[in-house]
Amino acid sequence: MSPVNKMLTGDMFSSSDGPGRQDTQGVCSHCSRSLAVSDASTQTDMDLLTQAIEKDHQYAMSADSIVTTFSRKQQSNVVQYQPDPSPSMHIQAQEKSVTNNVIMDYEEEVQLDFCDSESEVGEPDNTKDDPDYVQPEDYSSDSDTSECDSEPNDFTICEPVPENPAEQCKFLVFESSLMELFQKCQKNGCSAEVISMQKSLSGSRLIVKTKCAAGCNSVWSSQPTLNKMGAGNLLLSAAVLFSGNTYSRLHDIADHLHMPIVGETQFYNIQRRYLFPIVNETWLSMQTATFSGLCKVQKIVLSGDGRCDSPGHCAKYLTYSLMDEQTGFIVEFTILSTADPNVKNSNAMEPMGLRQCLDSLKGHNINIAVFTTDRHVTIRKIMRVEYPEIVHQFDVWHLVKSIVKKLCAAAKQKGNEAIFEWIQSISNHLWWCAESCGGDAEILIEKWQSLIYHTVGIHSWHDKKKFHQCAHAPLSEEDKRQTSWLRVGSSSHDAVKKAVQDKYLLKDLPHVTMFCHTGQLEMYHSLLLKYAPKRQHFSHEGMVCRTQLAAIDHNYHLGRQQATTKTGEPRYNIVYPKHLGRNKKWVAKTVKERKEYPYREDMMKDVVAMRVHNLEKSHASLPAVNANIARVEKPSKSDVIARTRQNTRFASKQTMPDVV
């Protein structure tokens with residue numbers, strides 16, 4: 001069973017499910033708070049609300065007393081959606097205030113203007129061009145040989161429409177096609193011609209009021225309403241955030257399609273009121289299950305690294321994440337901001353993030369035996385002084401990267417072109433040294449220094465204590481002729497020798513004896529770019545929420561297998577590497593199975609239930625930070641504009657002061 005399946009079934013790290021809760025009617029068993037909700041008109045509703053609020057309390061309790069699983073489909077305490085009596089095609093027109101043919105509902109506003117779009121990320125690979133690509137059964141596609149639409153798929157007539165708006169299908173309907181349905185009166189028994197029609201928008205929701213020749217008045221709404229809010233406005237906002245998109249991207253798409261969507265102000269109100277708490281609840285559920293398993297393991301091997309929110313050295317946010325190297329789970333993260341009074345500058349955030357994450361795990365009685373980081377000088381001192389009980393290791397990939405960078409720079413010098421042929425081999429050699437040293441730092445250093453002999457064709461030596469000859473098989477005469485050996489005393493060999501015997505490198509080699517690397521953590525940071533791109537600014541709580549979504553996505557899909565072709569053969573993607581060096585070759589990378597997101601559907605249902613039943617859920621706890629990163633008080637807008645106009649170098653000569 002994969003680690004993901006073990007966690008979802010409550011069997012991760014051989015842990016069992018925690019004790020159940022005892023619910024009382026109308027009273028929370030944790031805080032004894034009575035429930036007085038207007039939507040709970042029946043005893044069944046009161047029981048459901050009690051269970052939902054108890055679930056909310058469960059995530060807020062200490063992790064030491066909670067053992068939960070992430071499989072939210074198995075939970076029986078999810079509040080079910082109850083339809084809200086809303087205008088439909090067969091409901092008489094209700095008395096509403098209409099201003100300029102626009103109906104304004106609670107918390108809604110019409111959004112007709114479109115803001116500028118943000119920069120987009122790269123397009124995904126077109127897997128449909130792969131002849132071995134297998135189209136999943138749950139994805140419909142048009143014909144690959146024709147520009148025309150494929151044959152329509154008929155729906156079963158007796159198939160019931162789900163009551164929950166989150167489960168219903170949504171369709172892209174054009175205005176001309178929609179207006180064809182309002183030529184005749186829609187009331188039962190009346191087919192008179194419609195003589196007047198009034199259309200109004202409320203975000204993405206369309207409301208059509210008609211009057212026929214027989215005097216019938218009707219109101220039709222394109223969406224069901226949830227406490228006076230269009231379900232489409234709520235679910236569209238949730239889909240944008242849960243999928244890692246942004247409002248500006250959605251706005252740009254809608255602008256091209258002339259498609260009304262939820263307003264920007266309402267989108268961010270929905271995000272703060274409903275979406276942030278739902279994502280926080282889902283993350284805490286997953287993290288609690290992970291903590292409960294890690295507490296039962298005697299020695300944990302973790303890797304940690306920081307990620308800035310913007311390129312360069314002027315970041316506002318830094319996300320420091322910890323990953324369990326055995327399972328690959330993101331177990332903890334923290335986000336620091338330069339607006340925090342305790343943060344001196346952006347360079348001080350990574351050491352602070354390290355301390356906060358390690359102290360958090362120690363507070364949950366998790367025993368960390370080995371911790372892997374990059375070669376950060378400050379972090380190296382912190383681990384040596386403040387956490388001496390933890391074995392500190394360096395990431396092999398970062399060490400290899402620094403050596404390759406030095407060799408590439410040396411190979412570009414005149415007379416050292418022969419080094420290019422050896423860069424990949426030298427990189428592989430360091431990986432092999434760290435993997436095969438058996439934890440012995442002396443053997444690791446001697447194996448690494450043997451590179452000086454091997455590159456000139458010498459495969460045995462006697463000046464070492466434990467490693468005296470190359471570990472490869474004897475080379476044939478043909479292999480020796482085809483190998484581009486370096487010459488002893490040449491500038492190329494001297495450059496390689498200088499890189500191999502660098503004193504700082506030899507000092508750091510004892511920190512890679514356990515062959516730890518943060519490759520999976522770097523892949524997680526790549527996924528984090530989808531949810532929190534560096535080219536766009538987010539609020540502090542927005543950064544926390546998007547990081548939680550990235551961690552949920554990463555942890556949930558760890559057990560994916562390699563995809564197969566129609567004949568059952570494993571699938572590969574042939575790519576050309578982007579790393580430095582001339583000796584680059586096409587390589588084959590495995591293609592994983594398509595991701596599935598059942599937890600997103602559960603979160604969408606929880607958003608609907610939270611809106612219908614007016615539930616309150618806890619937000620992520622954030623430190624108190626300043627309103628902005630400025631160190632001085634914000635002046636008035638008029639003063640800044642006047643000073644800018646006066647001091648600009650593009651001012652006209654008439655307005656510029658005379659120069660003496």
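It should be noted that the structure appears before, not after, this text.
Residues numbered from 1 in each chain as written. Predicted model: local features only at pLDDT ≥ 70, side-chain atom pairs only at ≥ 80, totals over all residues. Heavy atoms only, no water.

S.K.: What exactly am I supposed to notice about the sheet that holds strand β5 (residues 217-221) here?
M.R.: The strands making up a sheet associate through hydrogen bonds between their backbones, and the pairing can be parallel or antiparallel. The three strands lie next to each other as β3-β4-β5, forming an open sheet whose pairing is antiparallel. Looking at strand neighbours, the two that pair on one side only are β3 (194-202) and β5, the edges of this open sheet. Averaged over all adjacent pairs, the angle separating strand axes in this sheet is 15 degrees, with direction ignored. Pairing analysis gives eight bridges linking β3 to strand β4 (residues 205-212), with the strands arranged antiparallel. Bridge pairing in β4 places Val194 opposite Cys212. (Pairing = 2+ DSSP bridges. Helix = DSSP H or I, 4+ residues; strand = E, 2+ residues; numbered from the N terminus. Axes fitted to C-alpha atoms, helices over the stretch in contact; angles between N-to-C directions.)

S.K.: Quick question: what am I supposed to make of the sheet that holds strand β9 (residues 317-324) here?
M.R.: Across the sheet, which stays open at both edges, the five strands sit in the order β10-β9-β8-β11-β12 with mixed pairing between neighbours. The sheet is open, and its two borders are formed by β10 (330-337) and β12 (391-394), each paired with just one other strand. In this sheet, neighbouring strand axes are inclined to one another by 25 degrees on average, regardless of whether the strands run parallel or antiparallel. Looking at chain direction, β9 and β10 are connected through seven bridges and run antiparallel. Across the sheet, the residue bridging to Met323 is Ile330, located in β10. Sitting on the sheet, helix α7 (residues 349-363) touches β8 (300-308), β9, β10 and β11 (368-373), and the angle it makes with β10 is about 140 degrees. (Contact = heavy atoms within 4.5 Å.)

S.K.: How should I be thinking about α7 in this particular structure?
M.R.: Owing to its 3.6 residues per turn, the α-helix brings residues three or four apart onto one side. Look at α7: 21 Å from first C-alpha to last across 15 residues, which is about the 21 Å you get at 1.5 Å a residue. By the burial criterion, the buried members of α7 are Met349, Glu350, Pro351, Met352, Gly353, Leu354, Cys357, Leu358, Ser360 and Leu361. In the stretch just after α7, Asn365 is the one whose phi turns positive, near 60 degrees. (Expected span 1.5 Å × (residues − 1). Buried < 20%, exposed > 50% of the residue type's maximum accessible area, 1.4 Å probe, protein only.)

S.K.: Would you mind showing me how to read helix α10 (residues 423-436) here?
M.R.: For α10, built from 14 residues, the straight-helix expectation of 20 Å at 1.5 Å per residue is met to within 8% by its first-to-last C-alpha distance of 20 Å. The set of residues buried in α10 consists of Ile423, Ile426, Ser427, His429, Leu430, Cys433 and Ala434. Down the axis, α10 shows its buried residues gathered within 160 degrees of arc, on one side only. The inward-facing, buried residues of α10 abut α9 (396-411), α11 (441-449), α12 (451-454) and α14 (491-500). Of the residues trailing α10, Gly438 is marked for its positive phi of about 65 degrees. (Arc of directions from axis to C-beta.)

S.K.: I keep staring at the nonpolar core and nothing clicks. Help me out?
M.R.: Counting residues in each nonpolar core, the largest one holds 46 residues, and the members touching the most others are Phe242, Leu275, Tyr524 and Leu549. Of all the secondary structure elements, the ones that give two or more residues to this core are α4 (231-242), α6 (264-294), β9, β10, α16 (519-531), α17 (540-556) and α18 (598-612). Dropping the residues within four chain positions of it, Phe242 is found in contact with Leu275, Ile278, Val279, Tyr531, Leu549, Arg600, Met603, Met604 and Val607. With 32 residues, the next largest nonpolar core counts Ala411, Ile423, Ile426 and Ala495 among its residues. (Core = buried A, V, L, I, M, F, W, Y, C linked by side-chain atoms within 4.5 Å.)

S.K.: Would you take a moment to explain the packing of α17 against α18 for this structure?
M.R.: A pair of packed helices is characterised by two quantities: the angle between their axes and the separation of those axes. The interhelical angle for the contact between α17 and α18, taken along N-to-C directions, is 140 degrees, at an axis separation of 10 Å. In terms of axis orientation, α17 runs oblique to α18. The residues of α18 that touch α17, namely those facing Leu549, Ile552, Asp553 and Tyr556, are Pro598, Tyr599, Arg600 and Met603. Taken together, the residues of the contact of α17 with α18 sort by class into six nonpolar, no polar and two charged. (Parallel < 35°, antiparallel > 145°, perpendicular 65-115°, else oblique. Nonpolar A, V, L, I, M, F, W, Y, C, P; charged D, E, K, R; others polar.)

S.K.: Looking at this structure, I do not really get the pairing of β9. What am I missing?
M.R.: Counting buried residues in β9 gives eight out of eight residues, a clear majority hidden from the surface. Burial of the side chains of β9 extends over both faces: Tyr317, Thr319, Ser321 and Met323 are buried on one face and Leu318, Tyr320, Leu322 and Asp324 on the other. Alignment of β8 against β9, held across seven bridges, turns out to be antiparallel. Bridge pairing links Leu302 to Asp324 in β9.

S.K.: Quick question: what am I supposed to make of unusual backbone geometry here?
M.R.: Glycine aside, negative phi is the norm for most residues, and most peptide bonds take the trans geometry. A positive phi angle is found at His258, which is not glycine, with a value near 55 degrees. The class for His258 is exposed, based on a relative accessible area of 72%. Phi is positive for Phe515, close to 55 degrees, though the residue is something other than glycine. Its place among the elements puts Phe515 in the loop between α15 (503-508) and α16.

S.K.: What exactly am I supposed to notice about the packing of aromatic side chains here?
M.R.: Each aromatic ring pair is summarised here by two numbers: the centre-to-centre distance and the angle between the ring planes. One pass over the structure, following the stated rule, counts 13 aromatic pairs. Ring geometry for Tyr247 against Phe267: centres 5.1 Å apart, planes inclined by 35 degrees, an arrangement best described as tilted. Of this pair, Tyr247 sits in helix α5 (residues 247-257) while Phe267 sits in helix α6, placing them 20 residues apart in sequence. On the accessibility criterion, Tyr247 (2% relative accessible area) is buried. Note on Phe267: relative accessible area 2%, which makes it buried. Feature note: the residues Trp432, Tyr453, Trp461 and Phe467 constitute an aromatic cluster, connected by ring pairs. Across from the ring centre of Trp432, 4.5 Å away, lies the NZ or CZ of Lys447, which sits over that ring. A cation sits over an aromatic face here: Arg600 above Tyr597, 3.6 Å from the ring centre. (Phe/Tyr/Trp six-rings, centres within 6.5 Å; stacked < 30°, edge-to-face > 60°. Lys NZ or Arg CZ within 6 Å of the ring centre and 35° of its normal.)

S.K.: Would you explain the pattern of salt bridges in this entry?
M.R.: A side chain with one charge can pair with a side chain of the opposite charge if their charged atoms come near. Across all of its chains, the model carries 13 salt bridges by this definition. Of the charged contacts, one joins Glu167 and Lys605 as a salt bridge, the two residues approaching to 3.2 Å between their closest N and O atoms. Residue Glu167 is located in the loop between β2 (102-103) and α3 (175-179), and its partner Lys605 is located in helix α18; the two are separated by 438 residues in the primary sequence. For Glu167, a relative accessible area of 37% translates into the label partly exposed. Owing to a relative accessible area of 23%, Lys605 belongs among the partly exposed residues under this scheme. Across the salt bridge formed by Glu601 and Lys605, the nearest N and O atoms sit 3.7 Å from each other. Taken together, the residues Glu601 and Lys605, both in helix α18 and four residues apart, mark about one turn of the helix. On the accessibility criterion, Glu601 (37% relative accessible area) is partly exposed. One salt-bridge network, in which partners are shared between bridges, spans Glu167, Glu601 and Lys605. (Salt bridge = Lys/Arg side-chain N within 4 Å of Asp/Glu carboxyl O.)

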